[in-house]
Amino acid sequence: MNVPNFCLLDNPLVKNKVSLLRDKGCTCDNFRKLATELSAFLCYEACKDVKMIPYKLETPLEETDGVRFPPVAFVSILRAGLGMLSGALRCIPEASVGHIGMFRNEETLEPVKYYCKLPKNMHESVVFVMDPMLATGGSACDAIAEIKKEGAKDIRFLCLIAAPEGVQKLYKNHPDVKIYAASLDRELNSKGYILPGLGDAGDRVFNTV
Ligand code: PRP
Ligand code: URA
């Protein structure tokens, strides 16, 4: 797959945690724990090219150079994106948090937006959008379009599992958005589920099967 903006976390630690996460025997509490850990790794990777702000600080011994973050906004796509939020907040605890509610129409697979509340300063923020599953890409594309309406210019998309179809669609619609994934899976099935995938991410995070 030739998508220049796509970054797959290539690390045994990540591969092991994805294996444990997608196992159908993974309990709800372990699923939450693993999703949190993987989200922190994704956030770590997605921070690599953030333009930090330099400042001077005093150690107990002398003055030295420090860096701090520009404004950061995390946007969680409800519901399942909530399962990634605490991992991201562990990395950047001062981030503002927005939410976009989306569900897929089960027949058409088209996303339906039902909620949107974003921080005020999106135009000057580094925005990390999070949703565990990038399947057809419809939800991610629409969510990012909403975020761009608020003037956001620096947007990164974080997911646990991506399907090639979703990566291609997101790149085609938003070529400026870099995509970070813990796994690139094989394909979608006829119902738009990722194979091998992990099933319905929202149900697994919230134990609502
Ligand atoms: C899941 C997932 C994504 C979407 C991905 O949400 O969390 O938001 O599907 O599919 P797509 O790439 O084909 O749009 P779902 O619709 O199941 O809602 P939920 O999180 O409320 O369960
Ligand atoms: N949404 C999910 O939760 N899982 C998939 O495999 C695809 C979309």
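I will try to describe carefully the structure that is included in this document.

**Notes on unusual backbone geometry**
- Along the chain, leucine 78 connects to arginine 79 via a cis peptide bond; the corresponding omega equals -5°.
- Positionally, arginine 79 belongs in the loop between strand E4 (72-78) and helix H3 (82-91).
- In this structure, the amide linkage connecting leucine 195 to the following residue, proline 196, adopts the cis form with an omega of -5°.
- Tracing the backbone shows proline 196 in the loop between strand E12 (194-195) and helix H6 (201-206).
- With a phi angle near 65°, leucine 109 is a residue other than glycine that sits in the positive phi range.
- As for its placement among the helices and strands, leucine 109 is situated in the loop between strand E5 (96-104) and strand E6 (111-117).
- With relative accessibility at 18%, the residue leucine 109 sits in the buried group.
- Positive phi is not limited to glycine here, since asparagine 207 has a value of about 60°.

**Some points on the nonpolar core**
- Core analysis: the largest hydrophobic core is formed by 39 residues, its most contacted members being Phe74, Phe128 and Leu158.
- Sorting the residues of this core by element identifies helix H1 (12-22), helix H2 (28-46), E4, H3, strand E7 (126-130), strand E9 (154-162), strand E10 (178-184) and H6 as the ones contributing at least two each.
- Here this core gets 7 residues from one element, more than from any other, and that element is H2.
- Not counting residues within four places of it along the chain, the set of residues in contact with phenylalanine 74 comprises Cys43, Leu85, Ala88, Leu89, Ile92, Ala95, Ser96, Val97, Gly98, Phe128 and Met130.

**Focus on the layout of surface pockets**
- Approximately 690 Å³ is the volume found for the largest pocket.
- Taken together, 29 residues make up the lining of the largest pocket; nearest its centre are Phe103, Arg104, Tyr193, Asp200 and Ala201.
- Taken together, the residues of the lining of the largest pocket break down into 15 nonpolar, 7 polar and 7 charged.
- Considering the residues around the second largest pocket, the lining is formed by Cys7, Leu8, Leu9, Asp10, Asn11, Leu13, Val14, Phe41, Tyr44 and Glu45.
- Among the secondary structure elements, those contributing two or more residues to the lining of the second largest pocket are strand E1 (6-8), H1 and H2.

**Some details on the site of ligand 1**
- The local shell around ligand 1 holds 16 residues, among which Arg104, Asp131, Thr136, Gly137 and Ser139 are the closest.
- At a separation of 2.9 Å, an oxygen atom of ligand 1 approaches a polar backbone atom of alanine 135.
- Look at ligand 1: alone it shows 510 Å² of surface, and the protein chains cover 91% of it.
- Taken atom by atom, the bulk of ligand 1 overlaps the largest pocket.
- For the shell around ligand 1, the secondary-structure elements that each account for two or more residues are E5, strand E8 (133-134) and helix H4 (138-149).
- Here the element with the most residues in the shell around ligand 1 is E5; it accounts for 3 residues.
- Of the residues contributing to the shell around ligand 1, the split by class is 7 nonpolar, 5 polar and 4 charged.

Rules of the game
For every chain, the first residue of the written sequence is number 1, and numbering continues from 1 along that sequence. Chain labels run from A onward and ligand labels from 1 onward, assigned in the order the entries are written. pLDDT decides what is reported in this predicted model: residues at 70 or higher carry local features, side-chain atom pairs at 80 or more are listed and counted, and totals for whole chains, interfaces and linings draw on all residues regardless. By convention in this description, side-chain values take in all heavy atoms of the structure and omit both hydrogens and water. Each helix corresponds to a stretch of at least 4 residues labelled H or I by DSSP, and each strand to a stretch of at least 2 residues labelled E; elements are numbered beginning at the N terminus. Buried residues are those whose accessible area, probed at 1.4 Å on protein chains only, stays under 20% of the maximum for their type, while exposed residues exceed 50% and partly exposed ones sit between those limits. Residues belong to one nonpolar core when they are buried, are Ala, Val, Leu, Ile, Met, Phe, Trp, Tyr or Cys, and are joined through side-chain atoms within 4.5 Å. For this analysis, residues touch if any pair of their heavy atoms sits within 4.5 Å. Here a cavity is any set of points on a 1 Å grid over the protein atoms alone where a 1.4 Å probe fits but cannot get out, and a pocket is any open set with protein on both sides within 12 Å along at least 5 of 7 lines; a residue lines the site when it has an atom within 4 Å of a point. Grid points are joined across faces, edges and corners, and a volume is the space filled by probe spheres set on the points. Think of it as three bins: nonpolar holds Ala, Val, Leu, Ile, Met, Phe, Trp, Tyr, Cys and Pro, charged holds Asp, Glu, Lys and Arg, and polar takes everything else, Gly as well. Neighbouring residues are identified by heavy atoms, a residue being near a molecule or strand if any of them is within 4 Å of it. Any pair of nitrogen or oxygen atoms within 3.5 Å is treated as a polar contact; in protein, a donor-acceptor pairing is required on top of that, and neighbouring residues in sequence qualify only through side-chain atoms on both sides. Working definition of accessibility: Shrake-Rupley area with a 1.4 Å probe, residue cover restricted to the visible protein chains. More than half of a molecule's atoms within 2 Å of the grid points is what it takes for that molecule to sit in a cavity or pocket.

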